[in-house]
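Coordinates in review
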Amino acid sequence: MTETAFKSEFLKTMQARGYIHQVTHPEELDAACCKGPVTGYIGYDATAPSLHVGNLITIMMLRRLQQTGHKPIVIVGGGTTKVGDPSGKDETRQLRTAEEIEANIASQKQAFAKFLTFGDGETDAILVNNDEWLSKLGYIDFLREYGVHFTINRMLTFDSVKLRLEREQPLTFIEFNYMLMQATDFLELERRYGCVLQMGGSDQWGNIVNGVDLIRRVDQKPAFGLTTPLLSTSSGAKMGKTAQGAVWLNADMLSPYDYWQFWRNTEDGDVGRFLKLFTDLPLDEIARLEALQGAEINDAKKVLANEATRMLHGEAEAAKAAAAAQAAFELGGLSADLPTHEVARADLEAGVMLADLAVAAGLAASKGEARRLAQGGGLRVNDKAEADANRAVTAADLVDGVVKLAAGKKKIVLVKPV
RNA sequence: GGGGGAAUGUCCCGAGUGGCAAAGGGGGCGGACUGUAAAUCCGCUGCUGUAAUGGCUUCGUAGGUUCGAGUCCUACUUCCCCCA
């Protein structure tokens, strides 16, 4: 990144909070942002039913855009998902059916509304499905209108294509066309909404630059691109994966408690960076939290968890998650807000094999895993390590009406008779 | 169209002479140490089951040879390379 001193509120914020990896025409964009509301967009893939933490950084970029007086457009890739982005993939993506894509888009919409204000106002966010124009394109029309602006020579130089070829992995023709579709999107948004900025992860740089060039060439209008660094933890792991899988944003796919835990377990070295990227806290407050040393940095992690959870799931859920965590980890007690698993009272009275219970409660994937877990000393019943997964858990194990079952120190489930 | 090669534990990479539930690594999980951190060390990492020997299902797909097949044979699928 160049050491440009930005004048616009938007770019100053973006730079200070660490969102910027690369920008096209920085001075020109800066000037445009000073002049008035700028419309910018980010596209999202509709391959999964929920967005995950990996998408969060770009959603936050749109939020910053709106916060600094500009207009964000969320474009859901109904059309592009039908094609499949080859960027960063060695393997051809599975093609989704139209129905799957529709369902995924509907489900993703909920998350965007938590971070952006939608509406008809000048700086209100709007959500657009690119299927609207992409699926209407006839092949010949597409080739004549857009195909003429792209040379194969140039396309072969883009990483998404080059890497695949270098590794001798197949790249299908449909994937090869993806970048044209994305460029077309940008052009279409520019024409329909006067959108001049496309943002995205650094892996999107090639695709974004294509769109910028297309607009500048075809319409002789200004257009800009901005990418964020790929997010990884300071120990190098990819962000957004945890034990159970992806960190989803939809509450029905990942509970607010688990979401809170995800942030609470941030590595020391990432706390400051994440506070800047994922919370609205002022920078001086973040600087103070970041400076905490040793065990005190845990306070900063709690702030991070609270803020991040509040933004997505609301004040009440964040408070509940925080309270449950405090009860479980700091006071050693129980909280009704911990994840629970219900069993029939009659079954419990008859006795349920511990291994079966652990599997049913989601603490182990199979009985064998539960057994191994127990042998390794990681399975706890009411805080007592239980080496024998064959023992029966009965009503006698109830403490205050529940059995506290834990796999390791962090995964806790309360078993409730019903 | 002709010739050569590849596909392995359904997370990934990857070794594998006919006796293999299959080396090693990454990742993941658990334990110890800590601060619900990182690093480090130890254990586990197909399903099922026992106090234990076990049973079942796995090496692209389908057949075959064999007491026994990831390993040999045949066909098929997909991919890569070379020639046309």
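Remember, predicted model here, so these are calculated numbers, not experimental data. (Residues numbered from 1 in each chain as written. Chains lettered and ligands numbered in written order. Predicted model: local features only at pLDDT ≥ 70, side-chain atom pairs only at ≥ 80, totals over all residues. Heavy atoms only, no water.)

Points about the overall build of chain A
Going by this rule: Secondary structure elements follow DSSP: runs of H or I of four or more residues count as helices, runs of E of two or more count as strands, with numbering from the N terminus. Categorising residues by exposure relies on relative accessible area from a 1.4 Å probe, with only protein chains included: less than 20% of the type maximum marks a residue as buried, more than 50% marks it as exposed, and the intermediate range marks it as partly exposed.
Per the secondary structure count, chain A includes 20 helices and 15 strands. Of all 418 residues assigned to chain A, the portion counted as buried reaches 49%.

Here's the deal with the pairing of strand β3 (residues 71-76)
So the rule is basically this: Viewed with both strands pointing away, a crossover whose connecting path from the first strand over the helix to the second turns clockwise is right-handed.
In terms of residue burial, β3 counts as a mostly covered element, since six of its six residues are buried. Side chains Lys71, Ile73 and Ile75 project from β3 onto one buried face, and the interleaved Pro72, Val74 and Val76 project onto a second face that is buried too. With helix α3 (residues 53-67) bridging strand β2 (residues 39-44) and its parallel neighbour β3, the resulting β-α-β unit is right-handed.

Regarding the environment of Val403
Which entries qualify depends on this criterion: In what follows, a contact means two residues having at least one pair of non-hydrogen atoms within 4.5 Å.
Among the structural elements, Val403 can be located in strand β14 (residues 403-407). Take Val403: its relative accessible area is 0%, and that puts it in the buried class. Sequence separation between Val403 and Ala344 is 59 residues, and the spatial gap between their C-alpha atoms is 13 Å. If we ignore the near neighbours within four places in the chain, the residues touching Val403 are Val381, Asn382, Val393, Asp397, Leu398, Val413, Leu414 and Val415.

Here we look at the protein's contact with RNA strand B
Put simply, the test is: A molecule or strand has a residue near it when one of that residue's heavy atoms lies within 4 Å. We call two N or O atoms a polar contact when they sit within 3.5 Å, provided that within protein one can donate a hydrogen and the other can accept it, with sequence-adjacent residues counted only if both atoms are side-chain atoms.
In the neighbourhood of RNA strand B, 34 residues make up the surrounding shell, with Asp268, Lys367, Arg372, Arg380 and Lys409 lying closest. Counting only the atoms of RNA strand B within 4 Å of the protein, the fraction contributed by sugar and phosphate is 74%. Note that a base nitrogen of RNA strand B is positioned 2.9 Å from one of the side-chain N or O atoms of Lys301. A distance of 2.3 Å is found between a phosphate oxygen of RNA strand B and a side-chain nitrogen or oxygen belonging to Lys367.

Here's the deal with the side chain of Thr227
Mapping Thr227 onto the fold places it in strand β6 (residues 224-228). Accessibility expressed as a relative area gives 0% for Thr227, which makes it buried. Setting aside residues up to four positions removed in sequence, Thr227 forms contacts with Tyr19, Ile20, His21, Gln22, Gly200, Gly201, Ser202, Trp205 and Ile208.

Quick word on the packing of helix α1 (residues 9-16) against α3
When two helices pack together, their arrangement is given by the angle between the helix axes and the distance between those axes. The following threshold applies: Lines fitted to C-alpha atoms define the axes, with helix axes restricted to the stretch in contact, and inter-axis angles between N-to-C directions lie between 0 and 180 degrees. In this scheme the handedness of a crossing depends on how the near helix is turned from the far one: anticlockwise by less than a right angle means left-handed, clockwise means right-handed.
Axis separation between α1 and α3 bottoms out at 9 Å; the angle between their running directions is 145°. Considering the relative orientation of α1 and α3, their crossing is right-handed. Packed against α1, whose contacting residues are Phe10, Thr13 and Met14, the element α3 presents Met61, Arg64 and Leu65 at the interface.

Description of the sheet that holds β6
For sheets, the rule is that strands pair by backbone hydrogen bonds, running either parallel or antiparallel. The following threshold applies: Paired strands are those between which DSSP finds at least two bridges.
The mixed open sheet is built from six strands, whose spatial order is β1-β6-β5-β2-β3-β4. For this open sheet the edge positions go to β1 (22-23) and β4 (126-129), each flanked by a neighbour on one side alone. As defined by bridge partners, β2 adjoins strand β5 (residues 197-201) across two bridges and the pair is classed as parallel. Residue pairing in the sheet places Gly40 in a bridge with Leu197 of β5. Against the sheet, helix α11 (residues 178-193) makes contact with β2, β3, β4, β5 and β6, and its axis sits at roughly 145° relative to β2, the strand it touches most. Contacting β1, β5 and β6, helix α12 (residues 205-218) crosses the sheet at an angle of about 170° to β6.

Here's the deal with the confidence of the model for chain A
The test is simple: Per residue, pLDDT measures the predictor's confidence, with a range of 0 to 100.
Per-chain confidence: chain A averages 85 in pLDDT, with 87% of residues scoring 70 or above. Confidence over residues 88-93 falls short of pLDDT 50; this stretch has 15 contacts with residues more than four positions distant or in other chains. As scored by the predictor, the complex reaches a pTM of 0.85 and an ipTM of 0.80.

What to know about the packing of α3 against helix α5 (residues 98-115)
Here is the rule we go by: Reported orientations rely on four angle classes, namely roughly parallel under 35 degrees, roughly antiparallel over 145, roughly perpendicular from 65 to 115, and oblique for the rest. Three classes are used: nonpolar for Ala, Val, Leu, Ile, Met, Phe, Trp, Tyr, Cys and Pro, charged for Asp, Glu, Lys and Arg, and polar for all others, with Gly counted as polar.
The geometry of α3 relative to α5 is characterised by a closest axis approach of 9 Å and an angle of 45° between their N-to-C directions. Classified by the interaxial angle, the pair formed by α3 and α5 is oblique. Like other packed secondary-structure pairs, α3 and α5 cross with a definite hand, here right-handed. For the pair α3 and α5, contact is made by Leu56, Ile59, Met60 and Arg63 and by Phe112, Lys114 and Phe115, respectively. Here the contact of α3 with α5 is built from residues that sort into five nonpolar, no polar and two charged.

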